[in-house]
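Inside the fold
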Amino acid sequence: MPYSAPGKALIAGGYLVLFPEYRAYCVALSSRMHSVAVKSDERVLTFHSPQFSTSTWSYDLDDVQPQKNPFLNAVVQVCGAYFGELCGGSIYIFSDAGFHSQHESTPMPDYPRFRTHRKSIGSVPKTGLGSSAALCVVATASIVEMMGRANDPHFTRIVHNIAQIAHCVAQGKVGSGFDVAVAVYGSVQYSRFTPTMIPKTITPESVRPVVDMKWDEWLERCALPPSVSVLMGDVRGGSETPAMVQKVLAWRDAKPEEAEPIWASLDGANNALVAALIRESEPHAIRICFDHIRAQLQAMTKLTGVPIEPESQTKLLDAAKSIDGVINGVVPGAGGSDAIFLLVESDKFDTAKQALSIDPRFAKVKWLSLHQEAVGLRREEASYPGVRAHSHS
Ligand SMILES: Nc1ncnc2c1ncn2[C@@H]1O[C@H](COP(=O)(O)OP(=O)(O)OP(=O)(O)O)[C@@H](O)[C@H]1O
Ligand SMILES: C[C@@](O)(CCOP(=O)(O)O)CC(=O)O
């Protein structure tokens, strides 16, 4: 059975969500990562990602060695520790167009939602929708299915916990985990798990109890009101999330008298936005909440020197606000120069998108064809290019 999991945008709670006392508002997107498992009797597990050049990673199950994909390495390692032994076969990965820059790519014949790229996965620029988190989730789901546990009542929890651990192992750090949570559960309000949940070394003894337990993260499923639509723009400037996080946290430690009032105001503004979205407030009220959030992000940018909402993004967001139907926007997640996220009145979406597309102030922005789709990990009935047989467990 194929699985798919969504990409994400963190629209409120960046940085704060690294601490369990704050909540973030995370939107799941219609760009999804897919995986299909085909079991075999061989002692080799091979991942294929046919949209990219040089995109096969094979693991000899009797002597697992790291391959050139840290996220798949970590999934295989953590699943191996949890299950003791893995099944051989192939797992095919497909990612929707929104995850990667579409430059130098062509739609796959008969499957236009997937594009073929001339380069390898590591050389194709990403758009920041959380491809690695969604990959860890679907790859784990396929392995859990191959192990005969697709109908386990705790299937979702097992996949979530393994994928969180694997994602941390691959990144070499413990992030907030909101991206993996969205890939599994869809749009959520989220508070993080205790970071020490993640085992320092991956062994059956350290992994099994943690995967089998209910974690202390808090999440509540949510969805943007139907009157509000999402428009993501790929700005292609790039940003360095780990370095940005390190600097912001260092500032918070070094200058608590400066940081604390800003974090308190930012948290207040984030919560006001969430309340306005839940209440389905008027566009003007939502616009004001975003103004408050952005004011705090701009203050943090000045005080830390970290480009959370750099000048170039301020210009774009302010220009977007002047377009009829655009409620407001924000630089999602850690901020930086790789994307902007706009909320648009649904009944004016088409005209607003058209106006943005022809406006020279947005000449460098590639508007992504995606929308909010609140659902997380799900089974798919679809067929996939070049995949001959599906396994059934
Ligand atoms: N379709 C795919 N097939 C195989 N590996 C993939 C695929 N998509 C992503 N990956 C893996 O994930 C890596 C990209 O993850 P990375 O964390 O750098 O970016 P992201 O998760 O898309 O964005 P962000 O962390 O900014 O939200 C790739 O280099 C590759 O290892
Ligand atoms: C800065 C941070 O809070 C959000 C990073 O989000 P993104 O990967 O830039 O979408 C880090 C984290 O939550 O792990």
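Residues numbered from 1 in each chain as written. Chains lettered and ligands numbered in written order. Predicted model: local features only at pLDDT ≥ 70, side-chain atom pairs only at ≥ 80, totals over all residues. Heavy atoms only, no water.

Considering the sheet that holds strand β11 (residues 326-330)
Across the sheet, 4 strands lie side by side as β11-β12-β10-β13; this open sheet has antiparallel pairing. Looking along the sheet, the strands with just one partner apiece sit at the ends: β11 and β13 (366-367). Across the face of the sheet, helix α8 (residues 283-304) comes into contact with β10 (228-234), β11 and β12 (339-345) while running at roughly 20 degrees to β11. Packed on one face of the sheet, helix α9 (residues 311-321) meets β11 and β12 and runs near 15 degrees to β12. (Pairing = 2+ DSSP bridges. Helix = DSSP H or I, 4+ residues; strand = E, 2+ residues; numbered from the N terminus. Contact = heavy atoms within 4.5 Å. Axes fitted to C-alpha atoms, helices over the stretch in contact; angles between N-to-C directions.)

Description of the pattern of salt bridges
Counted by the stated rule, this structure contains 15 salt bridges. For K119, the salt bridge is made with E104, and the minimal N-O distance between the two is 3.7 Å. With a gap of 15 residues between them, K119 in the loop between β7 (111-117) and α2 (131-146) and E104 in the loop between β5 (89-95) and β6 (105-108) connect regions that are remote in the sequence. Its relative accessible area of 40% is what places K119 among the partly exposed residues. (Salt bridge = Lys/Arg side-chain N within 4 Å of Asp/Glu carboxyl O. Buried < 20%, exposed > 50% of the residue type's maximum accessible area, 1.4 Å probe, protein only.)

Digging into the packing of helix α1 (residues 70-83) against helix α3 (residues 155-171)
Closest axis-to-axis distance for the α1/α3 pair is 8 Å, and the angle between their directions is 130 degrees. As far as their axial angle goes, α3 and α1 are oblique. Once α1 is placed against α3, the crossing between them reads as right-handed. Residues P70, F71, A74, V75, Q77, V78, C79, Y82 and F83 of α1 touch α3, and the partners they reach there are I158, I162, I165, A166, H167, V169, A170 and Q171. Of the residues assigned to the contact of α1 with α3, the class counts are 14 nonpolar, 3 polar and no charged. (Parallel < 35°, antiparallel > 145°, perpendicular 65-115°, else oblique. Left-handed = near helix turned anticlockwise from the far one by under 90°. Nonpolar A, V, L, I, M, F, W, Y, C, P; charged D, E, K, R; others polar.)

With respect to the site of ligand 2
Taken together, 13 residues sit near ligand 2, with K8, Y15, V17, S176 and A334 positioned nearest. Contact distances for ligand 2 include 2.6 Å between an oxygen atom and a side-chain N or O atom of K8. When ligand 2 is considered free in solution it has 380 Å² of accessible area, and contact with the protein chains removes 86% of it. If you list the elements that add at least two residues to the shell around ligand 2, you get β1 (3-12) and α6 (241-254). In the shell around ligand 2, the residues fall into 7 nonpolar, 5 polar and 1 charged. Shared between two domains, the shell around ligand 2 takes at least three residues from each, and those domains are domain 1 (3-222 + 374-379) and domain 2 (228-367). (Near = heavy atom within 4 Å. Polar contact = N/O pair within 3.5 Å; in protein donor to acceptor, adjacent residues only side chain to side chain. Areas by Shrake-Rupley, 256 points an atom, 1.4 Å probe, with all protein chains shown as cover. Domains from an automatic or database assignment.)

Some points on the pairing of β1
Most of β1 sits out of view: 10 of its 10 residues are buried. As paired elements, β1 and strand β14 (residues 378-379) share 2 bridges and run antiparallel to each other. Across the sheet, S4 pairs through a bridge with R378, a residue of β14. Two elements, β1 and strand β2 (residues 24-39), share 8 bridges in a ladder whose sense is antiparallel. Bridge pairing in β2 places Y3 opposite S35.

Here we look at the domain arrangement of the protein chain
By domain assignment, the protein chain separates into domain 1 (3-222 + 374-379) and domain 2 (228-367). Computed from C-alpha atoms alone, the centre-to-centre distance between domain 1 and domain 2 is 26 Å. Taken together, the 19 residues of domain 1 in the interface contact 29 residues of domain 2. Of the roughly 2,000 Å² buried at the junction of domain 1 and domain 2 (both faces included), carbon and sulfur atoms supply 73%. (Buried area = accessible area lost by both parts, 1.4 Å probe.)

A closer look at the nonpolar core
One finds I11, Y15, F47 and L343 to be the most contacted residues of the largest nonpolar core, which totals 111 residues. For this core, the element with the highest residue contribution is α2, accounting for 11 residues. Residues in contact with L343, not counting those within four places in the same chain, are L224, V228, S229, V230, L277, I286, F290, G325, V326, I327 and N328. Among the nonpolar cores identified, the runner-up in size contains 18 residues, and V235, L316, I340 and L356 belong to it. (Core = buried A, V, L, I, M, F, W, Y, C linked by side-chain atoms within 4.5 Å.)

Quick word on the environment of V17
Summarising the element assignment, V17 is placed in the loop between β1 and β2. For V17, a relative accessible area of 2% translates into the label buried. Sequence-wise, V17 and V228 are 211 residues apart; in three dimensions their C-alpha atoms are separated by 24 Å. V17 has contacts with L10, Y22, A24, S176, Y190 and R192, leaving out every residue within four places of it along the chain.

Details of the site of ligand 1
The full set close to ligand 1 counts 17 residues, and K8, S49, K126, S131 and S132 are the nearest of them. G128 is positioned such that a nitrogen or oxygen atom in its backbone is 3.3 Å from an oxygen atom of ligand 1. In the environment of ligand 1, an oxygen atom lies 2.8 Å from a nitrogen or oxygen atom belonging to the side chain of S132. The protein chains hide 85% of the 640 Å² of surface that ligand 1 would expose on its own. At the level of secondary structure, the elements contributing two or more residues to the shell around ligand 1 comprise β5 and α2. Tallying contributions element by element places α2 first for the shell around ligand 1, with 3 residues. Looking at side-chain class alone, the shell around ligand 1 contains 7 nonpolar, 8 polar and 2 charged residues.

Describing the confidence of the model for the protein chain
Here the protein chain averages 95 in pLDDT, while 99% of its residues score no lower than 70. At the level of chain-chain contacts, confidence expressed as ipTM amounts to 0.98, with global pTM at 0.97. (pLDDT = per-residue confidence, 0-100.)

Some thoughts on unusual backbone geometry
One non-glycine residue with positive phi stands out, namely Y15, at about 70 degrees. Tracing the backbone through its elements, the reader meets Y15 in the loop between β1 and β2. The backbone of E104 sits at a positive phi, close to 55 degrees, despite the residue not being glycine.

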